[in-house]
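Reading the structure
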Amino acid sequence: MDQYNGSQIVVLEGLEAVRKRPGMYIGSTGSRGLHHLIWEILDNGIDEHLAGYCTTVDVILQKDGGITIKDNGRGVPVDIHPTKKIPTVRVVYTILHAGGKFGSSAYKVSGGLHGVGASVVNALSSKMIVEIKHGGKIYRDEYENGGHPVTKLENGLLPVVGKCNKSDTGTKVTFYPDASIFETTEFKPETIKKKLKEIAYLNKNLIVNFIDETTGITKTYQEEFGIKSFVNYLNRENTVLHEEPIYIEGKSGDIEVEVAFQYTNNYTEQINAYCNRINVVDGGTLVTGFKTALTRVMNLYARELNVLKEKDENLDGKDIRNGLLAIISIKHPDPQFEGQTKTKLGNTDAKSAVEDVFSTEVQLYLDKNIEILKSILDNAMKSYNARKAGDKARNAVLKQISDIDTKSKLASCSSKKPEECEVYIVEGDSAGGTVKTARNRKTQAVLPLRGKILNVEKANLEKILVNNEIKSMIASFGCGIGDDFDITKLRYDKIIILTDADVDGAHISTLLLTFFYRFMPELILEGKIYRGLPPLYLVEYESTQKAKKKKESQYIFNDFELDKFRKIPGNKILNIQRYKGLGEMDANQLWETTLNPETRILARVEISDTVEADEITTTLMSSNVPPRKAFIMEEAKYAKLDI
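Residues numbered from 1 in each chain as written. Predicted model: local features only at pLDDT ≥ 70, side-chain atom pairs only at ≥ 80, totals over all residues. Heavy atoms only, no water.

What follows concerns the overall build of the chain. Summing up its helical and strand segments, the chain has 20 helices and 22 strands in all. Residue burial in the chain is summarised as follows: out of 643 residues, 50% are buried. A sequence separation of at least 24 residues applies to 67% of the contacts in the chain between residues at least 6 apart. (Helix = DSSP H or I, 4+ residues; strand = E, 2+ residues; numbered from the N terminus. Buried < 20%, exposed > 50% of the residue type's maximum accessible area, 1.4 Å probe, protein only. Contact = heavy atoms within 4.5 Å.)

Take a look at the structure:
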């Protein structure tokens, strides 16, 4: 037995932990993680705005590949830190969990609460320059190769590199992402502009400038009407039931509440929730408060206007929210997010604050706008009647689903413990046969799909239930769908989409994700949906640095890894095999690379931004061609041609 002692425990000091495991801090090293660096620095300027000190934020995309974020807030402190004995600026940008947001004196309301943003960006940059305007002076600090300071201090302080007006304050950060860490270091202007537009909506009257020095294009975002304009923007392609969004604002204790909502003729509801302008994807207490208040108020009005008779049951919340698009934004002095990812708000006082403010203010509005109220109630009644009429037909279909003999398709696993079971969704019987042979029969089930499933975008539940592939999935998962959905009955801890790395495989994955997102979103929000990542290459090579040359092989999962492998000194590549599909691997290879929990790579599907998720789904999957074409043309420039 190998000796195991303290000498084998590796301690990563300072920012080295970030460089070693960047995914833990920014999610990925792909394009999304790259742009997350911008949002982390941008958050600091927005927090200054929320504190009442910042009116303008600039984002500058530079010709040399760097990016600059500048604000006119108070400026990061430049004095000597009392315990670290170095300039406070350097503490903020080089030490994890160091910031002004842990106490309540510097920021009454803040989105960045963990104190890791600025230092993480520095850790993942090849170069960072920070300039502070404070007290009529301009201070500068510079870091290289993952946050190592290169600026020499003068009497323990940062050097003064210029002068400015005493009233001119702020922070300017320029950084260059480390190409050895990220799969791409090319920022996408459209991604940045979309985010800046959202920031302007959520921060009324904040001036946000985007300057693209590579093209000379500049764009200014400033929204006088805030989230009300946001709703208009999100509904720009939809048919609305009332022309103007309803806007509600108020304060309960220390919590400021804003709600804007509008009804459309869509089948689904969309509620986007923000706390301190952070998109809380899973909602939480602020959404619960909104739903409770909306349901109660609308049922009161339905009875007052005799839409509901005395003998009638109350309208269900889902009927009232049918076709609703709403944005809830609150400012909370002490938000309690569930987890580092901040996807759900847990404060009970947020629920009561939203409920109180919304109930009071929306009744004042609707009392003066009876026609809008009637259109909302009419829409709710149509949904109610359609649901009642469709229940019988839907129940018949669902009963049929429960009676489906899935044995011909689903290869079940022998274990009946959901927490240890997983199901692979594969395309076609051929791939299904290989996966069935390679799998662990105790814990891994396989469901082959015969053909592509229905594109469910803009489809109602009754329509999608006639699709055989969808019925097979519902029967296999065991947790139902629609009003009958119950995630506690899910038979698998993981649902893994495993398709070929080609256009058809990508399309099937997109269709499946659209179905899950629109009709079983809880599966995504609860972290049950994954994508299997089979290798793209098998590389055979010799190491010239070894005394005895030996032919070796290694699986490579993407082009970024292949480029890194080519640059390893002493590796002589003999052959590169490209896998076009799962069928090109035998059962042993498939187990080793894709099915074995000890060695495989899985990508969990997550929603980090509900607005972006909904927009991309609608753009790619709806029947409206021009927006889809524009999206594809914009994204095509960042794609790699694979011939």
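To continue, consider empty space enclosed by the protein. A complete count under the given rule lists 1 cavity of 30 Å³ or more for this structure. In this structure, the largest cavity encloses a volume near 50 Å³. Considering the residues around the largest cavity, the lining is formed by Thr-499, Asp-500, Ala-501, Pro-534, Pro-535, Leu-536, Tyr-579, Lys-580, Gly-581, Leu-582 and Met-585. Here the lining of the largest cavity is composed, by residue class, of 7 nonpolar, 2 polar and 2 charged. (1 Å grid on protein atoms, 1.4 Å probe; cavity = no way out; pocket = protein on both sides within 12 Å on 5 of 7 lines; lining within 4 Å. Points joined across faces, edges and corners; volume = space filled by probe spheres on them. Nonpolar A, V, L, I, M, F, W, Y, C, P; charged D, E, K, R; others polar.)

Let us look at the side chain of Arg-321. Here Arg-321 lies in the loop between helix H9 (317-320) and strand S14 (324-331). By relative accessible area, which is 9% here, Arg-321 ends up buried. Every residue in contact with Arg-321, bar those within four places of it in the chain, is listed here: Tyr-263, Glu-269, Ile-271, Lys-291, Leu-294 and Thr-295.

Looking at chain direction, strand S10 (residues 246-252) and strand S11 (residues 255-263) are connected through 7 bridges and run antiparallel. Within S11, the position partnered with Gly-250 by the bridge is Val-257. Hairpin connection from S10 to S11: 2 residues lie between these consecutive antiparallel strands, with Gly-253 at a positive phi of about 65°. (Pairing = 2+ DSSP bridges.)

What follows deals with helix H18 (residues 587-595). Buried residues of H18: Gln-589, Leu-590, Thr-593, Thr-594 and Leu-595, and no others. Each buried residue of H18 sits inside an arc of 150° when the element is viewed along its axis, so together they form one side. Each element contacted by the buried residues of H18 is listed here: strand S15 (422-427), helix H12 (428-438), strand S16 (444-449), strand S17 (494-498), strand S19 (537-543) and strand S20 (551-556). The opening residue of H18, the one whose side-chain oxygen lies 3.2 Å from the backbone nitrogen of Asn-588, is Asp-586. (Arc of directions from axis to C-beta. Polar contact = N/O pair within 3.5 Å; in protein donor to acceptor, adjacent residues only side chain to side chain.)

We now examine the sheet that holds S11. Within the open sheet, the 5 strands sit side by side as S10-S11-S14-S12-S13. Their pairing is mixed. Strands with a single pairing partner mark the edges of an open sheet, and in this sheet they are S10 and strand S13 (278-279). Pairing geometry for S11 and S14, over 8 bridges, is antiparallel. In the sheet register, Glu-258 faces S14, and the bridge partner there is Ser-329.

Okay, helix H17 (residues 559-566) next. Within H17 the residues assigned to the buried category are Phe-560, Leu-562 and Phe-565. Along its buried surface, H17 packs onto S19, S20 and strand S21 (571-578). At the N-terminal boundary of H17, the capping side chain belongs to Asn-558, with an oxygen 3.2 Å from the backbone nitrogen of Phe-560.

To continue, consider the pattern of salt bridges. Where charged atoms from two side chains of opposite charge come close, those side chains can pair. Inspection of every chain in the model, using the stated rule, returns 24 salt bridges. Asp-378 is paired through a salt bridge with Lys-382; the nearest N and O atoms lie 3.5 Å apart. Residue Asp-378 and its partner Lys-382 are both found in helix H11 (residues 370-402); the two are separated by 4 residues, about one turn of the helix. Take Lys-382: its relative accessible area is 54%, and that puts it in the exposed class. (Salt bridge = Lys/Arg side-chain N within 4 Å of Asp/Glu carboxyl O.)

A few words now on the sheet that holds S17. Taking strand neighbours across the sheet as the criterion, the 5 strands line up as S16-S15-S17-S18-S22 in an open arrangement whose pairing is mixed. This sheet does not close on itself; its edge strands, each paired only once, are S16 and strand S22 (602-604). Each neighbouring strand pair of the sheet contributes to a mean axis angle of 30°, computed without reference to strand direction. Alignment of S15 against S17, held across 5 bridges, turns out to be parallel. Following the sheet pairing, Val-423 is matched in S17 by Ile-495. (Axes fitted to C-alpha atoms, helices over the stretch in contact; angles between N-to-C directions.)

Moving on: the environment of Ser-352. Positionally, Ser-352 belongs in helix H10 (residues 348-368). Residues Ser-352 and Thr-292 lie 60 residues apart in sequence; the distance between their C-alpha atoms is 9.9 Å.

A few words now on the packing of aromatic side chains. This model, assessed by the stated rule, comprises 12 aromatic pairs. Here the aromatic rings of Tyr-201 and Phe-230 are separated by 4.7 Å at their centres, their planes lie at 10°, and the arrangement is stacked. Taken together, the residues Tyr-201 in helix H6 (residues 189-202) and Phe-230 in helix H7 (residues 227-234) connect sequence positions 29 residues apart. Taken individually, Tyr-201 and Phe-230 each receive the classification buried, so the pair is uniform in this respect. The interplanar angle of 65° and the centroid separation of 6.4 Å between the aromatic rings of Phe-261 and Phe-290 together place this pair among those described as edge-to-face. With Phe-261 in strand S11 and Phe-290 in helix H8 (residues 285-304), this pair connects stretches of sequence that are 29 residues apart. Residue Phe-261 is classed as buried on the basis of its relative accessible area, which comes to 0%. Take Phe-290: its relative accessible area is 0%, and that puts it in the buried class. Connected via pairs of aromatic rings, a cluster forms that spans Tyr-201, Phe-230, Tyr-233 and Tyr-274. When the ring centre of Tyr-233 is taken as origin, the NZ or CZ atom of Lys-197, which lies over that ring, is 5.1 Å away. The positively charged end of Arg-236 is found above the aromatic ring belonging to Tyr-233, 4.0 Å away from the centroid. (Phe/Tyr/Trp six-rings, centres within 6.5 Å; stacked < 30°, edge-to-face > 60°. Lys NZ or Arg CZ within 6 Å of the ring centre and 35° of its normal.)

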